[in-house]
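One letter stands for each residue in the lines below.
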Amino acid sequence: MFELIDVALGKEKAELVIKNGSLLNVYTGEILDGFSVAIKGEKIAYVGRDADHTIGAETRVIMAKNQVLIPGFIDAHAHMFAFCRVDEAVKYAIKGGTTTVITEVIDTFFHVGYPGLREFMEAAKIQPIKIFMLLPGSPFIGESPKKQQLTGEEADSLLKQSEVLGVGEIYWPYVLRKDENALMLIRGALARNKKVEGHGAGARDKNLAAYASAGVSSCHEAISAEEALERLNLGLTTMIREGSIRQDLEAAAAIKDKIHDFRKLCLVSDGLFPKDLLERGYMDYIVQKAIDLGFDPVKAIQMATINPAQHFSLDGILGGIAPGKYADILLVPSLSKIKPKLVISNGKIIAKNGKLLAQPKKPKFRMCMKPIKLKRKILPSDFQVYAEGTEAKVRIIKFVGELVTKETQATLPVIEGKIKCNPEKDILKVAVVDRCQQQERVFTGFVEGFGIKSGALASSVAWDTPNLIVIGANEKDMAKAVNRISIQGGGIILAENGKVLVELPLPIAGTMSDLPMKILAKKLEDMRLKLRERGCPLRDPHLSLITLTSPAIPFIRICEDGLIDVKTGKPLSLMI
C-alpha cells in the first residue's frame, strides 16, 4: 500500500504508465486532456499531467494520444452463475471492458445451498476481474425450498466476507407481508452495513414506500421513465436494465430529460444469456446503447462506473481513475464510441482490440457437481389429473406476455376419469416435479399461450426452486423429458414421440453447462427454433417456462404444492 506513496513521489518507479491521454474524471464530469496515469501492482499511484518521474528502465509505457481513459465498467446487477461457467462468462465480460461484476446467486442457490455458495466465492476470487456476490433473498413458493434457506448463522458468516456486498433482490410482497426469512436477512445485512437490494416489480405509491422503509436500497424493475422517477424520488438507487430477460433502457430513456442529478441511476444487465454475450457484448453494449439513445456520454459512463461503486460503498477502491484506486482502466477512441482498444484490470492489461491477454480460470467445483437425480422413474401417469364426470372446469395459467401470466378458466373433457389437455386449442399440461421429498411428488396444472402442438420441454433451471418443471402436449413426452434430466444429472430436454430432439446437459448445479460459450449458444438456439417449429410464439420459450415457478413475476405461478396467486401469496385450487 505505502509503496504507492513512493511511486507518486518518484522515489520508486511505476510498472505501467499510460501517457498523454484524455482522462474522464467521473468525480467531476471533466475531460482532462494530456493526463497520464502511473500504476504499481494492482493500483493507481499517480494521476496528472506529467508522470515522467514515475517512469524507470523497466516501466511499460503506453502512449494514449487521441484516446480517452475511462474507468472499467461495473455491472451492478448480474446473474453470472447461470447457464455457463463463470470463467466462460468472464471471457466475454473482459473483451468489452467490464472489470467488476456484482452478481446474484439465486439462480443456483436452491440446488447447492450454503456449501455451494462457498464454492462460488472461491470461483470468483481466481478470475482476472472482480466479482462480488449478493446473498439469495430466498424468495420462493411451495414448501420444499425451505430446506435450502440460509440460517441466520450461515447468512452472517457470509455477510462478514468483503466479497459479499449484501442481500440480493428480495421480492416486495414478501417484505410487506413480513416474511420471517426475508426480515432475518434484511436485519443481518443492515447490522453489518451491507446493502439490501430490491425487486419492486409492480410496486407503486404506498407499497413502494413501505418497501423502501424496510431498508431496501435499490430497484432494477422500473420499466418506464415514470417508474424510474418514482423510485428516485424515494431515494432508491434505480438500475435501468438492458439484458436478456428484459430490455428497459429505451422505454426508460426519457428519465434523462426529467432529472438533473444522475448519481442514483445505474445501468445494469440483470443477466445476459450466451447468444447475447456473443452477439452484443456486455456493459460496453449497454453503455453504448444509452449514448445512442441520447444520454450524455459522461453521464452514461458514470452510470456504469462511479454510480454503482458509490451505491455499494466501493468508491473508495474502484469506480474512478484516481490514486489509491484499483487500476481498472479502458482506452476508448472517444466518449461516444465505447469500443475499448485496451482493457486494464487490477493493473494488468487483460485485453487488446477485443483479444484476450489474460485467461480466466476454470473453477474446481465439488459440491456443485452433485448431479440432479430423481429417486424413482417418473411415469406418464404421474402427470394425470383426475376428475369425475365427462368434463371439468379448471384454472389455467395464461401467458399474456413473455413472462407475465394471468388466471383464466376452461372446461376440459374428462375421459376415463382423466382431464385431457387440448394442444389444438393451445391448452397444455405444466407440472412441477418435487425432487426434495422421499418419493417425488408431481403437481400438474394447465397452461395456455405456449403454443406447441406436440412434444414436451423440461428443465432443471426452474427459478427460485430446486425442483424440475416440464410443459407438454402429452404425458409420455413429459415423462421422457423429465427422466432424461435425471440421467444427465441436470439439463434442458426437448422430447417428442418418445425421443429426445434436443438436449443440453447442465452438470454444474443443474443450472450451468461445461460447454464453450459458442457451442452452448448454438444448442440453446437450436432448441428455441425447434420449439418455434412446433408452434411456440414466445421469444424465449425456455425462459417463459422456468419463470413459472417464481414469485418474482405476476400473477399466477405453479409449485409442487399447487397454483399460487403471487400477489396475495395464497394458494388457488385447480378445480373450479
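Residues numbered from 1 in each chain as written. Predicted model: local features only at pLDDT ≥ 70, side-chain atom pairs only at ≥ 80, totals over all residues. Heavy atoms only, no water.

This part covers the overall build of the chain. Counting its regular elements, the chain contains 16 helices and 31 strands. Taken over the C-alpha trace, the chain has a radius of gyration of 25 Å; the compact-globule value for 576 residues is 25 Å, and the two agree within 12%. Once the C-alpha set of the chain is aligned to its principal axes, its extents read approximately 90 × 50 × 45 Å. Among the 576 residues that make up the chain, the fraction classed as buried is 61%. The contacts in the chain between residues at least 6 apart in sequence include a share of 69% that link residues at least 24 apart. Only carbon and sulfur atoms are counted for the fraction: they give 50% of the accessible area of the chain, which is about 22,100 Å². (Helix = DSSP H or I, 4+ residues; strand = E, 2+ residues; numbered from the N terminus. Rg over C-alpha atoms; globule rule 2.2 N^0.38 Å. Buried < 20%, exposed > 50% of the residue type's maximum accessible area, 1.4 Å probe, protein only. Contact = heavy atoms within 4.5 Å. Areas by Shrake-Rupley, 256 points an atom, 1.4 Å probe, with all protein chains shown as cover.)

On to the sheet that holds strand β10 (residues 164-171), then. The 5 strands are arranged β6-β8-β9-β10-β11 in an open sheet whose pairing can be described as parallel. Looking along the sheet, the strands with just one partner apiece sit at the ends: β6 (73-78) and β11 (195-199). Along the sheet, successive strands turn relative to each other by an average axial angle of 25°, direction set aside. Where β10 lies against β11, 4 bridges are found, and the strand directions are parallel. Paired with Val167 across the two strands is Val196, which belongs to β11. Taken strand by strand, helix α3 (residues 106-125) contacts β8 (98-104), β9 (130-135) and β10, and its axis lies near 145° from that of β9. (Pairing = 2+ DSSP bridges. Axes fitted to C-alpha atoms, helices over the stretch in contact; angles between N-to-C directions.)

Applying the stated criterion to the full structure yields 31 salt bridges. For Arg246, the salt bridge is made with Asp248, and the minimal N-O distance between the two is 2.9 Å. Given the relative accessible area of 1%, Asp248 is considered buried. Arg441 is the salt-bridge partner of Asp434, the closest N and O atoms lying 3.0 Å from each other. Given a relative accessible area of 0%, Asp434 falls into the buried group. Ionic contacts of the salt-bridge type, sharing partners, join the residues Glu221, Arg241, Arg246, Asp248 and Asp270 into one network. (Salt bridge = Lys/Arg side-chain N within 4 Å of Asp/Glu carboxyl O.)

Among the nonpolar cores identified, the biggest contains 152 residues, and Phe120, Phe446 and Phe450 are the most heavily contacted of them. Residue contributions to this core peak at 9 residues, all from α3. There are two domains that each give this core at least three residues, and those are domain 2 (72-318) and domain 3 (371-572). In terms of nonpolar packing, the next biggest core, distinct from the first, is built from 18 residues, Ile18, Val37, Ile62 and Ala327 among them. (Core = buried A, V, L, I, M, F, W, Y, C linked by side-chain atoms within 4.5 Å. Domains from an automatic or database assignment.)

With respect to the secondary-structure elements, His199 resides in strand β11. Polar contacts involving the side chain of His199 include one to the main-chain carbonyl oxygen of Ala552, which spans 3.2 Å. The contact partners of His199, leaving out residues within four places of it in the chain, are Glu169, Ile170, Tyr171, Trp172, Tyr211, Cys219, His220, Glu221 and Ala552. (Polar contact = N/O pair within 3.5 Å; in protein donor to acceptor, adjacent residues only side chain to side chain.)

Where nonpolar side chains cluster on the molecular surface, the patch consists of Phe2, Ile5 and Leu9 and spans about 350 Å² of accessible area. Structurally, the position occupied by Phe2 is in the segment before α1 (3-9). (Patch = residues over 30% accessible without salt bridge, like charges linked within 9 Å, V, L, I, M, F, W, Y side chains within 5 Å.)

Once that is clear, we can look at the environment of Arg60. On the secondary structure map, Arg60 appears in strand β4 (residues 60-63). For Arg60, a relative accessible area of 49% corresponds to the partly exposed category. Sequence-wise, Arg60 and Thr237 are 177 residues apart; in three dimensions their C-alpha atoms are separated by 39 Å. Apart from residues no more than four positions distant in its own chain, Arg60 is found in contact with Glu15, Leu16, Val17 and Ile349.

On the basis of which strands lie adjacent, the open sheet formed by 9 strands has the order β21-β20-β19-β23-β22-β25-β24-β26-β27 and mixed pairing. In this open sheet, the two edge strands, each paired with only one partner strand, are β21 (418-419) and β27 (499-505). As paired strands, strand β22 (residues 427-434) and strand β23 (residues 441-448) are joined by 8 bridges and run antiparallel to one another. Counted as the bridge partner of Val433 is Val442 from β23. Where helix α14 (residues 475-488) meets the sheet, it contacts β22, β24 (456-459), β25 (468-472), β26 (491-496) and β27, and its direction lies at approximately 150° from that of β26. Running over the sheet, helix α15 (residues 517-533) touches β24, β26 and β27 and is turned about 145° from β27.

Between helix α4 (residues 152-159) and helix α6 (residues 180-191), the least distance of the axes is 10 Å, while the angle of their chain directions is 30°. One way to sum up the angle between α4 and α6 is to call them roughly parallel. Between α4 and α6 lies a crossing whose hand is right-handed. Each of Gly152, Ala155 and Leu159 in α4 lies in contact with α6, whose residues at this interface are Met184, Leu185, Gly188 and Ala189. Tallied by class, the residues present in the contact of α4 with α6 amount to 5 nonpolar, 2 polar and no charged. (Parallel < 35°, antiparallel > 145°, perpendicular 65-115°, else oblique. Left-handed = near helix turned anticlockwise from the far one by under 90°. Nonpolar A, V, L, I, M, F, W, Y, C, P; charged D, E, K, R; others polar.)

So, about the packing of α3 against α4. Viewed as axis vectors pointing N to C, α3 and α4 meet at an angle of 5°, and their least axial separation amounts to 11 Å. Taken as axis vectors, α3 and α4 run roughly parallel relative to one another. Residues Tyr114, Leu117, Arg118 and Met121 of α3 pack against Glu154, Ser157 and Leu158 of α4. Among the residues forming the contact of α3 with α4, the class breakdown is 4 nonpolar, 1 polar and 2 charged.

Okay, the domain arrangement of the chain next. Assigned domains within the chain: domain 1 (1-66), domain 2 (72-318) and domain 3 (371-572). Measuring from the centre of the C-alpha atoms in domain 2 to the corresponding centre in domain 3 gives 28 Å. Across the boundary between the two partners, domain 2 contributes 37 residues, which contact 46 residues of domain 3. Of the roughly 3,200 Å² buried at the junction of domain 2 and domain 3 (both faces included), carbon and sulfur atoms supply 65%. Linking domain 2 with domain 3 are 1 salt bridge. Note that Asp514 is salt-bridged to Arg85, the shortest N-O span being 2.6 Å. At the level of secondary structure, the elements contributing two or more residues to the side of domain 2 that touches domain 3 comprise β7 (83-84), α2 (86-95), α3, α5 (172-176) and α10 (274-279). If one sorts the elements of the side of domain 2 that touches domain 3 by residue count, α3 sits on top with 7 residues. Taken together, the residues that form the side of domain 2 that touches domain 3 break down as 23 nonpolar, 7 polar and 7 charged. (Buried area = accessible area lost by both parts, 1.4 Å probe.)

The subject of this paragraph is the packing of aromatic side chains. With the rule as written, the count across this model stands at 6 aromatic pairs. Its guanidinium or amino end placed over the ring of Tyr326, Lys43 lies 4.9 Å from that ring's centre, counting from NZ or CZ. Sitting over the ring of Tyr326, Lys130 keeps its end group 4.6 Å from the ring centre. (Phe/Tyr/Trp six-rings, centres within 6.5 Å; stacked < 30°, edge-to-face > 60°. Lys NZ or Arg CZ within 6 Å of the ring centre and 35° of its normal.)

Turning to the pairing of β25, a few remarks are in order. Most of β25 sits inside the fold, with 5 of its 5 residues counted as buried. Burial of the side chains of β25 extends over both faces: Leu468, Val470 and Gly472 are buried on one face and Ile469 and Ile471 on the other. The pairing of β22 with β25 spans 5 bridges and is classified as antiparallel. The partner of Ala431 across the bridge, within β25, is Val470.

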